[in-house]
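Architecture and fold: a report
Residues per chain, in single letters:
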Amino acid sequence: MEYKSYASFDPNFLWGAGTSSFQVEGAVQEDGKGLSVIDVMQKNPDITDFSVASDHYNRVEEDVALMAELGLKVYRFSIAWTRIFPDGNGEVNEKGVAFYDHLINELIKHNIEPLVTIYHFDYPQSLVEQYGGWLSRKSIEDYRSYAEFLFKTYGDRVKYWLTINEQDHVVRIPTRLGLTGDDHYEQLRLGYQANHNMCVATALTIKTFQELGIEGKIGPAISYSMVHPASSSPDDVLASKDAMLIKHNYLMDLHCYGKYSLMFWRYLEERNFTPSIEDGDLDLMKQYPPTMIGVNYYFSEAIRAFPSTEEYPIGYQKKALLPEAEAGVFEVVNNENLAATDWGWEIDPVGLRLTLRELHERYNLPIIITENGMGAYDKLEEGDIVRDDYRISYLREHIKQVQLAINDGVRVFGYCPWSFLDIVSGRNGMSKRYGLVYVNREDFDLKDMRRIKKESFKWYQKVIASNGEDL
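The structure reproduced in this document is the subject of the present report. (Residues numbered from 1 in each chain as written. Predicted model: local features only at pLDDT ≥ 70, side-chain atom pairs only at ≥ 80, totals over all residues. Heavy atoms only, no water.)

1. Topic: the pairing of strand β8 (residues 301–304)
Counted only if it meets this: In this scheme, strands are said to pair when DSSP sees at least two bridges between them. Put simply, DSSP H or I for four residues or longer makes a helix, DSSP E for two residues or longer makes a strand, and each gets a number counted from the N terminus.
Relative to β8, strand β6 (residues 227–229) is paired through three bridges, and the arrangement is parallel. Across the sheet, the residue bridging to Pro 229 is Ile 303, located in β8. Relative to strand β11 (residues 330–333), β8 runs antiparallel, the two sharing three bridges. Each bridged residue has a counterpart across the sheet, and for Ala 302 the counterpart in β11 is Val 333.

So this is what it looks like as structure tokens:
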């Protein structure tokens with residue numbers, strides 16, 4: 001819809017940027033930190049690991065000073081569970097507590113709101129070894145207890161909390177559950193049990209948050225890609241709606257309404273994926289829903305129908321990282337209307353507006369965009385220049401759609417590009433750069449780790465200073 005006039009961003013709109021602990025901090029085993037599932041997963045010999053990352057652990061003051069220069073109003077970061085509890089539970093690591101205390105104080109000193117992700121993929125390896133991690137109900141209380149410690153320690157300064165980052169990816173990427181082996185279907189079955197346990201843990205954590213009287217908002221950071229039908233064929237439209245449920249909406253239905261829809265439950269039943277549910281689980285979710293939603297949006301997908309056959313029976317999945325096709329449900333195809341990144345992610349700014357409207361209409365909660373960005377092969381030129389006009393274009397067009405969504409009535413209160421500075425990509429190392437700040441290192445050459453402002457940094461600085469007027 002077009003309008004005769006358009007509202008500007010609210011004066012208190014939170015312009016930000018984000019990172020995650022394991023991708024930015026380094027210092028993997030320094031100062032008492034325990035091992036996470038990320039630290040022990042099989043390493044790819046062609047890319048770097050996370051042992052040094054962007055060395056943020058040793059450069060907090062420098063990095064926060066750059067955030068202040070950029071003009072950030074909010075900084076989204078995650079706390080490494082095993083920096084606080086090296087074994088996931090039990091003894092507290094005071095040096096880890098002090099590190100995040102120092103980071104939060106530096107942010108506050110520069111008038112930057114901390115937006116804390118409690119858990120961002122790096123689950124304690126010790127808990128996997130003790131009892132299977134998220135596959136066990138024991139994980140629920142360990143997560144809640146860890147979150148309670150964070151609330152009591154940092155809640156006097158932190159107003160915004162993200163419970164679990166991209167929970168559905170945790171389900172579908174076995175290494176993030178600490179699972180190994182090649183039995184994809186068994187891993188999915190276990191993943192849906194882990195997913196249920198995470199939803200119970202989230203509800204209990206929100207209950208604790210409210211009982212402690214913490215002022216602020218709390219909710220999950222969800223990965224959400226708008227799904228378009230590949231054609232006007234009714235079969236493709238139906239497939240796109242099924243894909244939206246299976247890929248995205250089932251999870252927020254649990255968090256917000258404490259329910260498995262009849263259609264989704266039947267989907268699980270036919271594949272033997274149904275989780276074990278204890279009395280009171282769903283009521284707990286209904287009673288303690290999120291008070292905000294964090295949205296990670298990068299691209300959309302085009303979907304066509306994929307009828308089952310004898311060769312491809314119901315349940316068959318074609319899988320790269322996440323499912324690209326499932327017989328009897330959907331198949332992802334190229335969208336000829338959209339350009340794509342170097343990694344094949346189709347660039348769809350309007351998809352962000354549609355995503356925000358979909359979430360608003362289904363759940364009617366305040367929304368902060370917690371990730372939105374473009375990975376690219378950035379080049380450092382002589383004179384410390386990084387000309388990333390492609391990133392500026394990507395961010396500009398998405399910010400325009402955020403403003404349009406706000407005019408549609410969606411309650412968006414913040415925007416955090418991914419990422420503040422270059423981080424180690426989980427599957428592409430240092431070659432896939434997202435940052436507004438260039439980190440001078442390569443996969444196997446640490447160089448001097450200097451921080452270099454890209455052209456996108458300078459552009460975003462003006463956007464923030466003008467509260468979104470100067471795009």
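2. Section: empty space enclosed by the protein
With a probe scaled to a water molecule rolled over the atoms, the places where space remains empty come into view. Rules: Note on definitions: the grid is 1 Å and covers protein atoms alone; a cavity is a set of points where a 1.4 Å probe fits but cannot get out; a pocket is an open set with protein on both sides within 12 Å along at least five of seven lines; lining residues have an atom within 4 Å of a point. Grid points are joined across faces, edges and corners, and a volume is the space filled by probe spheres set on the points. Polar here means any residue other than Ala, Val, Leu, Ile, Met, Phe, Trp, Tyr, Cys and Pro, which are nonpolar, and Asp, Glu, Lys and Arg, which are charged; Gly is therefore polar.
Per the stated rule, a full pass over the model turns up four cavities of 30 Å³ or more. Put simply, the largest cavity is a space of about 80 Å³. Around the largest cavity sit Ser 21, Phe 22, Glu 25, Gly 26, Val 28, Lys 33, Ser 36, Asp 39, Phe 50, Ala 80, Arg 83 and Asp 122, which together line it. Taken as a whole, the second largest cavity holds about 70 Å³ of empty space. Lining the second largest cavity we find Glu 166, Gln 167, Asp 168, His 169, Ile 222, Ser 223, Tyr 224, Lys 247, His 248, Leu 251 and Met 252. Put simply, the parts of the chain that give the lining of the second largest cavity at least two residues each are α8 (167–172), β5 (217–223) and α10 (234–257). Of the residues forming the lining of the second largest cavity, the biggest block, four residues, is contributed by α10. Each residue belonging to the lining of the second largest cavity can be placed in one class, and the counts come to four nonpolar, four polar and three charged.

3. Some words on helix α13 (residues 349–363)
The condition is simple: Multiplying 1.5 Å by the helix residue count minus one yields the expected span of that helix. Note on exposure labels: buried denotes an accessible area under 20% of the residue type's maximum, exposed denotes more than 50%, and partly exposed covers the range between, all computed with a 1.4 Å probe on protein chains only. Any two residues whose heavy atoms approach within 4.5 Å at even a single point are treated as in contact.
End to end, α13 covers 22 Å across 15 residues, agreeing with the expected 21 Å (1.5 Å per residue, within 8%). For α13, the complete set of buried residues consists of Pro 349, Gly 351, Leu 352, Arg 353, Thr 355, Leu 356, Glu 358, Leu 359 and Tyr 363. On its buried side, α13 packs onto β5, α10, β7 (293–296), β12 (367–371), α14 (389–407) and β13 (412–415).

4. Considering the packing of aromatic side chains
How we decide: Aromatic contacts are taken between Phe, Tyr and Trp rings whose centres are within 6.5 Å, Trp giving its six-membered ring; a plane angle under 30 degrees counts as stacked, one over 60 as edge-to-face, and the others as tilted. Comment: the charge-over-ring label is applied if NZ (Lys) or CZ (Arg) is within 6 Å of the ring centre and within 35 degrees of the ring normal.
On inspection of all chains with the given rule, the structure shows 40 aromatic pairs. With 4.9 Å between their ring centres and 65° between their planes, Phe 9 and Trp 15 make a pair best called edge-to-face. Arranged with centres 4.6 Å apart and planes meeting at 5°, the rings of Trp 81 and Tyr 146 form a pair that is stacked. In this pair, Trp 81 is assigned in helix α4 (residues 81–84) and Tyr 146 in helix α7 (residues 138–154), connecting sequence segments 65 residues apart. In this structure an aromatic cluster arises from ring pairing among Trp 81, Phe 85, Tyr 119, Tyr 123, Trp 134, Tyr 143, Tyr 146 and Phe 149. Seen from the ring of Trp 345, Lys 432 lies directly overhead, with NZ or CZ sitting 3.9 Å from the centre. Positioned above the aromatic ring of Tyr 438 is the side chain of Arg 433, whose terminal nitrogen or guanidinium carbon lies 4.1 Å from the ring centre.

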